[in-house]
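Close look at the chain arrangement
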Amino acid sequence: MTVKTPNETGPEPTAAAGLQPFLHDSCITLHAPSFTASRPDGQLSLGADGFYHGERRALARLEISTDRVPVAPVSGSLEGANRALFRTVLRGVAETTADPAVVLERRRTTAPGRQTESLRVLNSGRIPALIRLTVAAGTDLATMEQVKSGIAVAPVAATVEVATGAALVWTRDTVTVRLAGSPAPTGIEASGQLHYDIALAPGEDWKAELVCTAEDSEGEPFPAPAAGSTPWRTPQLRSADHRFDDWLHQSHADLERLLLADPDQPADVFLAAGAPWFATLFGRDSLWAARMLLPLGTSLAASTLRVLARRQGTATDPRTQEQPGKILHEVRRAGLRLPEHDLDLPPVYYGTVDATPLWITLLHDAWRWGLDPAEVEALLPHAESALAWMSEHGDADGDGFLEYIDSTGRGLANQGWKDSGDSIRFRDGRLADPPIALCEVQAYAYEAARGGAALLRAFGRPGADRWEEWAERLKSRFRSAFWVEDARGPYPAVALDRGKHPADAVTSAFGHLLGTGLLDHEESVLLAKRLAGPDLDSGFGLRTLSSDSRGFNPLGYHIGSVWPHDTAIAVHGLSRAGFPETAASLAAGLVRASGAFDARLPELFAGYGTDAGRQPVPYPASCRPQAWAAASAVLVLQSLLGLSADVPNGTLTVAPQVPEDYRPLHVTGLAVAGAPLELTIAADGTAQVQAPAGLTVHGTA
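Definitions and cut-offs
Residues numbered from 1 in each chain as written. Predicted model: local features only at pLDDT ≥ 70, side-chain atom pairs only at ≥ 80, totals over all residues. Heavy atoms only, no water. Phe/Tyr/Trp six-rings, centres within 6.5 Å; stacked < 30°, edge-to-face > 60°. Helix = DSSP H or I, 4+ residues; strand = E, 2+ residues; numbered from the N terminus. Buried < 20%, exposed > 50% of the residue type's maximum accessible area, 1.4 Å probe, protein only. Lys NZ or Arg CZ within 6 Å of the ring centre and 35° of its normal. Expected span 1.5 Å × (residues − 1). Arc of directions from axis to C-beta. Contact = heavy atoms within 4.5 Å. Polar contact = N/O pair within 3.5 Å; in protein donor to acceptor, adjacent residues only side chain to side chain. Salt bridge = Lys/Arg side-chain N within 4 Å of Asp/Glu carboxyl O. Core = buried A, V, L, I, M, F, W, Y, C linked by side-chain atoms within 4.5 Å. Pairing = 2+ DSSP bridges. Axes fitted to C-alpha atoms, helices over the stretch in contact; angles between N-to-C directions. Parallel < 35°, antiparallel > 145°, perpendicular 65-115°, else oblique. Left-handed = near helix turned anticlockwise from the far one by under 90°. Nonpolar A, V, L, I, M, F, W, Y, C, P; charged D, E, K, R; others polar.

**A short note on the packing of aromatic side chains**
Taken as a whole, this structure holds 17 aromatic pairs when the rule is applied. Where W467 meets W470, the ring centres are 5.4 Å apart and the plane angle is 65°; that geometry is what we call edge-to-face. One end of the pair is W467 and the other is W470, both in helix α8 (residues 464-481) and three residues apart, which spans about a single turn. Classification of W467 by relative accessible area gives buried; the value is 4%. The structure contains a cluster of three or more aromatic residues connected by ring pairs, namely W417, Y557, W563, Y619 and W628. In this structure, R430 packs its charged tip against the face of F426, placed 4.1 Å from the ring centre.

**Some remarks on helix α10 (residues 521-532)**
Look at α10: 17 Å from first C-alpha to last across twelve residues, which is about the 16 Å you get at 1.5 Å a residue. Within α10 the residues assigned to the buried category are E523, S524, L527, A528, R530 and L531. Here the buried residues of α10 occupy an arc of 160° about the axis, which is enough to place them on one side. In α10, those exposed residues whose orientation departs by more than 90 degrees from the buried face are H521, E522 and K529. The secondary structure elements touched by the buried residues of α10 are α8, β25 (483-486), β26 (489-492), α9 (510-513), α11 (564-577) and α12 (580-596). For α10, the N-terminal cap is D520; the gap from its side-chain oxygen to the backbone nitrogen of E522 is 3.2 Å.

**Re the pattern of salt bridges**
What the rule picks out here adds up to 48 salt bridges. R120 serves as the salt-bridge partner of E105, at 3.8 Å between the closest nitrogen and oxygen. On the criterion of sequence distance, the pair formed by E105 in strand β8 (residues 102-111) and R120 in strand β9 (residues 114-123) is long-range, its members being 15 residues apart. Given a relative accessible area of 27%, R120 falls into the partly exposed group. Here R178 makes a salt bridge to E161, at a shortest N to O gap of 2.6 Å. Here the residue R178 occupies a position in strand β13 (residues 175-182), and E161 occupies one in the loop between β11 (159-160) and β12 (167-172), the gap between them amounting to 17 residues. Judged by relative accessible area, which is 30%, R178 ranks as partly exposed. Here the salt bridges do not stand alone but share partners, grouping D262, D264, D268, R306, R310, R311 and E375 into one network.

**Observations concerning the nonpolar core**
One broad rule of soluble globular proteins: the nonpolar side chains tend to lie buried together. Of all hydrophobic cores here, the largest spans 174 residues; its most connected members are L271, W359, M390 and L641. Beyond its immediate sequence surroundings of up to four residues, W359 is in contact with L287, L305, L308, A309, I327, L379, H382 and A383. Of all hydrophobic cores here, the second largest spans 37 residues; its members include A101, L141, A158 and Y196.

**Focus: helix α7 (residues 439-458)**
A rise of 1.5 Å per residue sets the reference length of α7, with its 20 residues, at 28 Å; its end C-alpha atoms lie 29 Å apart and thus fit the reference within 8%. The element α7 is extensively covered by neighbouring structure, given that 16 of its 20 residues are classed as buried. Downstream of α7 by one or two residues, G460 has phi in the positive range, about 65°.

**Let's talk about unusual backbone geometry**
Apart from glycine, the bulk of residues carry a negative phi angle, and the bulk of peptide bonds sit in the trans form. Of note, the bond from S182 into P183 is cis; its omega dihedral lies within 30 degrees of zero at 0°. Position of P183 among the secondary structure elements: in the loop between β13 and β14 (187-189). Omega for the peptide link from P434 to P435 comes to 5°, which places this bond in the cis form. Counting through the fold element by element, P435 comes out in the loop between α6 (373-394) and β24 (437-438). A positive phi angle is found at A94, which is not glycine, with a value near 60°. With respect to the element layout, A94 can be found in the loop between β7 (83-90) and β8. Even without being glycine, D598 reaches a positive phi, approximately 55°. Residue placement: D598 occurs in the loop between α12 and α13 (627-641). On the basis of relative accessibility, which here comes to 63%, the residue D598 falls in the exposed class.

**Considerations on the environment of S45**
Considering the arrangement of structural elements, one finds S45 in the loop between β2 (34-38) and β3 (50-53). Its relative accessible area of 14% is what places S45 among the buried residues. Taking the C-alpha atoms as reference points, S45 and A137, separated by 92 residues in sequence, lie 9.3 Å from one another.

**Let's talk about the sheet that holds strand β17 (residues 236-238)**
Sheet strands pair via backbone hydrogen bonds, and the direction of the pair is either parallel or antiparallel. Taking strand neighbours across the sheet as the criterion, the four strands line up as β17-β31-β32-β33 in an open arrangement whose pairing is antiparallel. Each edge of the open sheet is held by one strand with a lone partner, namely β17 and β33 (687-690). Here the average twist between neighbouring strands, direction ignored, is 20°. Bridging between strand β31 (residues 665-672) and strand β32 (residues 675-681) involves six bridges; their strand directions are antiparallel. Within the sheet, the bridge partner assigned to L670 lies in β32 and is L677. Against the sheet, α13 engages β17, β31 and β32, with an angle of about 105° to β31.

**Brief notes about the packing of helix α2 (residues 242-257) against α13**
At their nearest, the axes of α2 and α13 sit 8 Å apart, and the two run at 135° to each other. In terms of orientation, α2 and α13 fall into the oblique class. The two elements α2 and α13 meet at a crossing, and its hand is left-handed. Judged by residue contacts, F244, W247, L248, S251 and L255 of α2 engage A627, A629, A630, A631, S632, A633, V634, V636, L637 and L640 from α13. When grouped by side-chain class, the residues that make up the contact of α2 with α13 number 13 nonpolar, two polar and no charged.

**Considerations on the pairing of β31**
Where burial is concerned, most of β31 is hidden: seven out of the eight residues are buried. The pairing of β17 with β31 spans three bridges and is antiparallel. Bridging across to β31, L237 finds its partner in V667. Hairpin remark: β31 followed by β32, antiparallel, with two residues in the connecting loop; positive phi at A673, about 55°.

**What to know about the side chain of T352**
Looking at where T352 falls in the secondary structure, it is placed in the loop between β23 (348-349) and α5 (355-368). Side-chain polar atoms of T352 contact the side chain of R284, separated by 3.2 Å. Other than its neighbours up to four places away in sequence, T352 contacts R284, K326, I327, L328, H329 and Q415.

Structure below.
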């Protein structure tokens with residue numbers, strides 16, 4: 001995005017107007033609902049850079065320079081999720097040899113509504129140093145949709161706070177931003193500049209703090225939760241591959257900082273989808289992430305279910321696509337309007353076909369992992385409404401499949417997780433016409449119907465037989481309608497189009513079908529072989545579209561890129577279906593990729609394979625961190641350990657298939673039935689399990 005700033009603050013950033021900004025080289029620190037995106041050297045200067053709070057950009061520029069002194073950034077790295085440290089050499093200052101003598105350290109901490117930059121200049125030379133440090137700041141107070149669209153927004157004029165003379169203030173609409181320096185700067189200008197004149201003797205250092213606060217008089221749609229309210233245990237992994245350990249550690253740190261609270265019930269928290277574009281409630285994303293984290297405890301699942309249940313559809317509204325029993329897609333303060341994509345979403349939008357069955361399945365799975373029966377029972381009326389939605393509204397034409405169509409012309413054309421407009425297609429590249437029935441959504445519906453039936457029967461509520469029969473009819477119809485064939489044999493089409501023609505592209509959706517019960521063993525064997533093929537398995541994870549397909553684009557959002565959560569779901573499905581070797585191979589690809597992304601796997605990355613380079617290629621506009629990409633680390637670990645729980649029946653299954661590359665392996669911080677679970681996998685593959693009393697452990701442990 002091109003942000004126009006007053007001439008006094010320096011030259012305008014160069015970017016192509018109207019294009020979504022790239023993020024692949026951004027350093028993002030976050031503590032939801034706030035985050036900061038900067039250049040790798042710490043500067044906030046162009047594109048999507050900025051300090052954001054509650055879907056508004058509070059600062060668009062924060063650059064530090066020195067008068068007539070060349071600077072050389074030498075390092076920049078995260079220190080957790082909400083902290084980063086940047087170092088810059090001030091070249092030629094106090095130098096008597098070729099060695100650098102004066103270094104500027106810039107330590108950033110992002111907190112809800114607050115960004116702190118702790119500055120330190122250290123003179124390690126043998127002679128004194130005189131430096132003028134200038135901080136250039138500015139903002140456009142742009143909304144997230146304006147930033148994402150790449151359209152220039154007029155800058156907001158600053159005022160100098162008269163009382164202290166040490167702060168700049170910007171105000172527009174209901175938002176007020178204040179940038180204060182401590183100690184007070186040598187000089188301050190309404191053009192957005194703070195000056196510091198620094199004199200350092202040899203060995204001396206100088207320190208200052210820049211604090212930016214953002215306040216919105218209307219409050220936040222979803223505030224930060226209370227401190228110390230992380231609703232899961234802290235996992236600790238020690239394995240023979242430090243990349244796996246680092247991935248889990250960084251993922252846990254990011255997930256903690258992606259938490260948001262329900263303003264109606266602040267004790268109920270959920271995971272925001274990701275930064276920067278999706279730092280809010282997304283039904284599908286929050287449900288999948290909570291499901292992936294069940295081995296760490298059931299509290300997040302319970303609160304996520306309640307947050308979404310409070311907003312479950314009760315009426316029929318064509319504009320918002322709300323329907324009785326339906327689980328929402330997303331919530332934003334002012335909706336999302338992207339005219340260049342013919343997109344105009346209302347603040348509360350229900351345009352998703354899969355969130356509703358995923359809600360039911362999360363409730364079922366949380367129950368099996370030990371969620372308090374009283375909490376489960378309180379949610380059963382919502383589960384019954386969600387089940388009813390599947391047959392009464394999700395199946396709009398009565399053919400027995402869940403399908404979707406955007407009836408507004410301004411909503412999402414595709415309403416599964418691959419929701420870009422060009423994602424659902426035929427093998428020859430033609431796009432499928434709606435209404436569209438996705439293959440993976442039928443698997444979700446099958447699991448939901450079976451899981452819902454189990455819940456109804458266990459809690460003495462009517463309807464269990466009906467939903468089991470519904471699931472079996474779906475299974476039979478799927479086998480008849482979805483399966484197609486190419487030179488390599490049979491496989492399920494990605495979808496059925498308006499005419500009930502199978503859209504026969506080969507996609508990563510196969511992984512979402514495995515282990516759900518929708519397929520028989522022979523069908524599962526076929527899909528496991530497909531997932532292991534080089535056209536889908538890039539070596540860093542699964543491509544969303546086969547590289548043999550017409551229209552394959554390794555930099556296409558859903559037509560050739562790799563999504564970590566998508567691969568992790570396949571790993572889990574393969575493990576559940578009895579294909580541990582293929583699961584382990586795909587898991588190794590994600591671990592390999594995590595090392596290249598400094599342990600913070602992005603929302604997605606390009607689908608270039610290991611045969612095309614040793615490192616995965618970033619997708620330029622990807623969120624990083626993203627909740628389900630981070631949570632994938634836990635799902636992969638669960639899959640390799642062969643963990644599944646059935647607390648209502650008093651059993652825990654531990655069937656580890658941990659590859660030799662990760663052994664020995666020791667993990668703590670897992671939980672089942674609210675009690676600790678600890679596992680050790682020795683170098684020879686044998687397992688030791690410390691499980692809660694009262695559970696019978698099955699498997700090879």
